[in-house]
Amino acid sequence: MRKHELQIANFICTFGDRGDLIDFVDEIVIPSFFTDTLVRKYGSTSYYVYEPRWISLGGRDPELAICGRFVKDTVLKREQIVSQGELVVAYDEMKSAPSAFFILLLRDHRLLYFAETAFAPDLQSFSSTMQIFLRRVWRNFLRLKHHNSEVGVTYKELEKEYPRPRLNIVPVAKEGVVSDLMGDFDRIEKIRFRLIRPNQETDASQVLQSVRDRLQPLRPSRLTLEVSDSEGLDKDESIDVVKEVVSGHNTDIVVSGFDESGNKLKLDNNNFALKISIEDPPTEEKKLAYELYAEFVLQAVSGAVRRFIPSESVIKKIDSLRKIVL
């Protein structure tokens, strides 16, 4: 029986203070998924998006989404094996291309990420690769803009009008996991919150939202809040704060300290992530997309995943896109 995991995350793509994913969806975001020459190479390994497509999901009010496969094209190498009870040198190579299936919902930029094979590339690899693709498309976009612009317009002026894209993919936390995992701490010494500018929705934590709102005019590339005490922070309060913040899907969190034996412990969003086992998933792409979306809707109805109502401008943009791509 095939059994793999679905992760749900927040795909936070921003362009300085000029806008977010939907504001630059035509110029930057769509080409980052659909340009087949985009490849990220790392040694003998290549990462790329394979056969992306548009899809409409849901019933009476269908959602527009981009889906496809994220491939890790690599070469597996071995140096030795056990033969007749003996460890012997046996060099060999084999090509391998594990993949993950993804769905990006444009309405509220929720990402469904499904490891459909063993050793599929993880969510962090997808995030790093898409960040690189977004930046490459952005640079090409600026070159074209500069080429077609009036005489005297500089790259610096264009970068101010079209800021560099920044991508953060924050996994949705599983209810109850925060309490269970943080319960292993005997002493919590430090909690670091890295505040990510959200696409449109507000953060679940009013305290962090007020900090972000106050400091955002400074245009920081990174906004971090750290609380620490070498004697140990209040454990129950620490758990409550982390639970509140992770529910917003817009903050990177690192908790560090020690267990009862004095061993160092460190937890982050990946440890808290909601992971849903999908048994015998269909291999046909459209059926797989519908099954993963149905699971996502169940999680949203149960309250495990927070959604928000998009603005009228976002709805109009998506409706006009739908007419073009479907």
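**Student:** Help me understand the packing of aromatic side chains, please; the structure alone is not making it clear to me.
**Tutor:** Two aromatic rings are characterised by how far apart their centres lie and by the angle between their planes. Inspection of every chain in the model, using the stated rule, returns 11 aromatic pairs. Residues Phe33 and Phe102 carry aromatic rings whose centres are separated by 5.7 Å and whose planes lie at 40 degrees to one another, so their mutual orientation is tilted. A residue pair is termed long-range when its members are at least 10 positions apart, and Phe33 in helix H1 (residues 25-34) and Phe102 in strand E6 (residues 99-105) qualify at 69 residues. Judged by its relative accessible area of 2%, Phe33 falls in the buried class. Using a relative accessible area of 0% as the deciding quantity, one classes Phe102 as buried. Judged by centre distance (5.3 Å) and plane angle (45 degrees), the rings of Tyr113 and Phe126 are tilted.

**Student:** Would you mind showing me how to read the sheet that holds strand E11 (residues 251-258) here?
**Tutor:** What holds strands together in a sheet is hydrogen bonding between their backbones, with the strands either parallel or antiparallel. The antiparallel open sheet is built from 4 strands, whose spatial order is E10-E9-E11-E12. Every interior strand has two partners, whereas the edge strands, strand E10 (223-228) and strand E12 (264-268), have only one. Across the sheet, the axes of successive neighbouring strands diverge by a mean angle of 15 degrees, strand direction being ignored. Sheet analysis places E11 next to E12, joined by 5 bridges and oriented antiparallel. Note that in E12 the partner of Val255 across the bridge is Leu267. Here helix H6 (residues 235-246) sits on the sheet and contacts strand E9 (187-195) and E11; the angle it forms with E9, its principal contact strand, is near 20 degrees.

**Student:** Could you clarify how one ought to interpret the pattern of salt bridges in this entry?
**Tutor:** A pair can form between side chains of opposite charge whenever their charged atoms are brought close. Here the structure, examined in full by the defined rule, presents 10 salt bridges. The salt bridge partner of Asp108 is Arg307, with a shortest N-O separation of 2.7 Å. Of this pair, Asp108 sits in the loop between E6 and strand E7 (110-115) while Arg307 sits in the loop between helix H8 (285-302) and helix H9 (312-325), and the two are 199 residues apart along the sequence. The class for Arg307 is partly exposed, based on a relative accessible area of 22%. Through salt bridges that share partners, Arg53, Arg69, Glu116 and Glu285 make up one connected network.

**Student:** Help me understand the nonpolar core, please; the structure alone is not making it clear to me.
**Tutor:** Here is a general trend for soluble globular proteins: nonpolar side chains tend to be buried in one another's company. Phe11, Phe33, Phe102, Leu111 and Phe126 are the most contacted members of the largest nonpolar core, which has 42 residues in total. The leading source of residues in this core is helix H2 (residues 123-148), at 9 residues. Counting 21 residues, the second-largest nonpolar core is a separate cluster that includes Ile55, Leu57, Phe101 and Phe296.

**Student:** What's the story with H1 in this structure? I'm lost.
**Tutor:** The α-helix advances 3.6 residues per turn, and as a result positions three or four apart in sequence lie on the same side. All of the buried residues in H1 are Val25, Ile28, Val29, Ile30, Ser32 and Phe33. All buried residues of H1 lie within an arc of 170 degrees about the axis, which places them on one face of the element.

**Student:** Help me out: how do you make sense of the state of the cysteines in this one?
**Tutor:** Disulfide: a covalent bond connecting the sulfur atoms of a pair of cysteines. Within the structure shown, the criterion is met by 0 disulfides. The cysteine Cys67 is free of any disulfide, with Cys13 supplying the nearest cysteine sulfur at 19 Å.

**Student:** What am I meant to see in the packing of H1 against H2 here?
**Tutor:** Axis angle and axis distance: for two packed helices, these are the angle between their axes and the distance between the axes, and together they describe the pair. In the contact formed by H1 and H2, the axes pass within 9 Å of each other and the chain directions differ by 125 degrees. As judged from the angle between their axes, H1 and H2 are oblique. Handedness of the crossing formed by H1 with H2: right-handed. The segment H1 lies against H2, with Glu27, Ile28, Val29, Pro31, Ser32 and Phe33 engaging Phe126, Met130, Phe133, Leu134, Val137, Trp138 and Phe141. Taken together, the residues of the contact of H1 with H2 break down into 11 nonpolar, 1 polar and 1 charged.

Calculation rules
Along every chain, residues carry numbers that run from 1 in the direction the sequence is written. Predicted model: local features are reported for residues with pLDDT of at least 70 only, side-chain atom pairs are reported and counted for 80 or more only, and whole-chain, interface and lining totals are derived from all residues. Only hydrogens and water are set aside; all other atoms, that is, all heavy atoms of the structure, feed into the side-chain values. Two aromatic rings, drawn from Phe, Tyr or Trp (for Trp, its six-membered ring), form a pair once their centres lie within 6.5 Å of each other, and the interplanar angle then sorts them: stacked below 30 degrees, edge-to-face above 60, tilted otherwise. Counting from the N terminus, the helices are DSSP H or I runs at least four residues long and the strands are E runs at least two residues long. Burial here depends on accessible area, computed with a 1.4 Å probe over protein chains only, as a share of the maximum for the residue type. Under 20% is buried, over 50% is exposed, and the range in between is partly exposed. Paired strands are those between which DSSP finds at least two bridges. Angles shown run from 0 to 180 degrees and are taken between the N-to-C directions of axes, each axis being a line fitted to C-alpha atoms and, for helices, limited to the stretch in contact. We call two residues in contact whenever any of their non-hydrogen atoms come within 4.5 Å of each other. In what follows, salt bridge is the name for a side-chain nitrogen of Lys or Arg lying within 4 Å of a carboxyl oxygen of Asp or Glu. For this analysis, a nonpolar core means a set of buried residues of the types Ala, Val, Leu, Ile, Met, Phe, Trp, Tyr and Cys, connected via side-chain atoms within 4.5 Å. Working note: the arc is built from the helix axis to C-beta atom directions. Disulfides are defined as cysteine sulfur pairs within 2.5 Å. The cut-offs work like this: below 35 degrees is roughly parallel, past 145 is roughly antiparallel, 65 to 115 is roughly perpendicular, and the gaps in between are oblique. Handedness of a crossing follows from how the near helix is turned relative to the far one, being left-handed for an anticlockwise turn of less than a right angle and right-handed for a clockwise one. The residue classification treats Ala, Val, Leu, Ile, Met, Phe, Trp, Tyr, Cys and Pro as nonpolar and Asp, Glu, Lys and Arg as charged. All others, Gly included, are polar.

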